[in-house]
Amino acid sequence: MRMSYKINKLHPYTPGEQPYKKMIKLNTNENPYPPTPKINKLLKNFNYYKLRLYPDPTTSKLRKIIAKVYNVKSEQIFIGNGSDEVLALAFMTFFCQKLPLLMPTITYSFYPVYCKLYNIRYKTIPLQNKFEINLKKMNISNGGIIFANPNTPTGHAISYIEVNKLLDIHNEYVVLIDEAYIKFGSESAIPLIKKYKNLLIVNTLSKAYSLAGIRIGFAIGSTYLIKGLEKVKNSFNSYPIDVISELIAIEAIKDIKYLKKNCNYIIYIRETLSKQLKDVGFTVLPSKANFMLVKPNNISAKTMFIKLRNHGILLRYFNNIKKYIRISIGTIQQMNYLIETIKYILK
Ligand SMILES: Cc1ncc(COP(=O)(O)O)c(C=O)c1O
């Protein structure tokens, strides 16, 4: 039996491990706190008869709410089944060009996977000394630019001014900024969409909104870019968002107060953990996300990763950044247990 000839060449993305026994899971940047309690009420009152029908293929109610909150028009919003799907469709819509797509050497590891899937040429741009994205090195001819801001797994964020400068130079091909972690303390480039028609911002409800379980992501850009995305989506799957997920997402987007409180708390825990880790002999990269990339100075990162795993704490170890491990920010109690366990291991 033969599969399509392309299949042999694919190297799929490997998501963070899903543990089958009870562990403290700090490996995929999920939010440790629940989403807005308004969702609980919504689910209790949900009329299951509604499930007979297909959902709205244009997800118009959710788009309207996102547009209102982010101060753009509904036609500037595109919704997908997780931002992974939005990204997958965006790669196909914008980056199949003769010139290479530019991305940092270390960034969300799904980007090169999409490139291989669609045969997109790409060039990686090395990070600077302290793992910062190097936008200056992106001043070369290209068929598009993509990076996560804040970047993953480093947590480094680029300022609004730097993004503005980049867009002043690159106005022909699409510049895609993946703002999955933007709500944890850095500046969104969304206001620049009015000025730059080639800027596409992608965001997700999986992290700041505590909704990784429903799979909703969205893109904001000029109506021209959004129309392109819709064309590709409607050539692939007309109904990516189910009825219940749309309703849940609406409640989450509307509850701005809860979102801010939740994110501020995560930021507070992150900064506290950063100090505690430095005190026990770690190098901690400054992070504007709900995770931190850290280096134990007196033991190898891999050993620390394995030992913590044996104690029931799951972090993320990357083969391409061997000296570091990534910690997703968990609850206060989880972080205290993490620090105590690290102290025990180092004893
Ligand atoms: C930078 C970045 N973009 C996108 C995603 C995918 O998020 P989603 O759950 O919306 O598919 C992730 C997930 O970890 C991520 O780190």
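Residues numbered from 1 in each chain as written. Predicted model: local features only at pLDDT ≥ 70, side-chain atom pairs only at ≥ 80, totals over all residues. Heavy atoms only, no water.

## Points about the pairing of strand β7 (residues 199-204)
Condition: Whether a residue is buried, partly exposed or exposed follows from its accessible area with a 1.4 Å probe, protein chains only, as a fraction of its type maximum: under 20%, in between, or over 50%, in that order. Strands are runs of DSSP state E lasting at least 2 residues, helices are runs of H or I lasting at least 4, and numbering of each runs from the N terminus. Pairs of strands are assigned from DSSP output, requiring at least two bridges between the strands.
Burial analysis of β7 places six of its six residues in the buried class, the great majority of the element. Direction of pairing for strand β6 (residues 175-178) relative to β7: parallel, over a ladder of four bridges. Considered in β7, the bridge of D178 is made with V202. As judged from the four bridges shared by β7 and strand β8 (residues 217-220), these two strands associate in the antiparallel manner. Paired with N203 across the bridge in β8 is F218.

## So, the domain arrangement of the protein chain
Going by this rule: All the domain ranges listed were derived from an automatic or database domain assignment. Any two residues whose heavy atoms approach within 4.5 Å at even a single point are treated as in contact. Note on definitions: buried area is the accessible-area loss of two parts on being combined, 1.4 Å probe, summed for both.
Here the protein chain is described as being made up of domain 1 (14-34 + 257-346) and domain 2 (38-255). Taken over C-alpha atoms, the centre of domain 1 sits 25 Å from the centre of domain 2. Listed per partner, the contact involves 27 residues of domain 1 and 22 residues of domain 2. A combined buried area of about 1,900 Å² lies between domain 1 and domain 2, and 62% of that area is made up of carbon and sulfur atoms.

## Regarding a nonpolar patch on the surface
Operational definition: Exposure above 30% relative accessible area and no salt bridge define the residues that can form patches, which grow by joining like charges within 9 Å and nonpolar side chains of Val, Leu, Ile, Met, Phe, Trp and Tyr within 5 Å. Each accessible area is a Shrake-Rupley estimate made with a 1.4 Å probe; only the visible protein chains count as cover when residues are assessed. By salt bridge we mean one thing: a side-chain nitrogen of Lys or Arg within 4 Å of a carboxyl oxygen of Asp or Glu.
Taken together, the side chains of M3, I7, L10 and L117 make up a nonpolar region of the molecular surface, amounting to roughly 350 Å² of accessible area. When its relative accessible area of 64% is taken as the criterion, M3 is described as exposed.

## Concerning the packing of aromatic side chains
Note the following rule: Here the aromatic set is Phe, Tyr and Trp, taking the six-membered ring for Trp, and pairing holds for ring centres within 6.5 Å; pairs whose planes are under 30 degrees apart are stacked, those over 60 apart are edge-to-face, and all others are tilted. Placement of a charge over a ring requires the Lys NZ or Arg CZ to be within 6 Å of the ring centre, with the centre-to-atom vector within 35 degrees of the ring normal.
Applying the stated criterion across every chain yields a total of 16 aromatic pairs. Where Y181 meets F291, the ring centres are 4.9 Å apart and the plane angle is 85 degrees; that geometry is what we call edge-to-face. Separated by 110 residues along the polypeptide, Y181 in the loop between β6 and β7 and F291 in strand β10 (residues 291-296) bring together distant segments of the chain. Each member of the pair, Y181 as well as F291, carries the same accessibility label: buried. Each residue in the set Y13, F91, F95, Y108, F110, Y111 and Y114 is aromatic and connected to the rest through ring pairs, giving one cluster. The lysine or arginine in question, R326, covers the ring of F291, its NZ or CZ lying 5.4 Å from the ring centre.

## Focus on the packing of helix α2 (residues 60-70) against helix α7 (residues 243-254)
Let me state the cut-off plainly: Angular values range over 0 to 180 degrees, each being the angle between N-to-C directions of two axes fitted as lines to C-alpha atoms, with helices fitted over their stretch in contact. Throughout, the term roughly parallel applies to angles under 35 degrees, roughly antiparallel to angles over 145, roughly perpendicular to angles from 65 to 115, and oblique to all others. Rotating anticlockwise by less than a right angle from the far helix to the near helix defines a left-handed crossing, while the corresponding clockwise rotation defines a right-handed one. Classification used: nonpolar for Ala, Val, Leu, Ile, Met, Phe, Trp, Tyr, Cys and Pro, charged for Asp, Glu, Lys and Arg, polar for all others including Gly.
For the pair α2 and α7, interaxial distance at closest approach is 9 Å and the crossing angle is 15 degrees. As summarised for this structure, α2 and α7 are arranged roughly parallel, according to the angle between their axes. Between α2 and α7 the crossing geometry is left-handed. Residue-level inspection shows S60, K61, L62, I65, I66 and V69 of α2 in contact with α7, the latter providing E246, A249, I250, I253 and K254. Along the lines of polarity and charge, the residues of the contact of α2 with α7 split into seven nonpolar, one polar and three charged.

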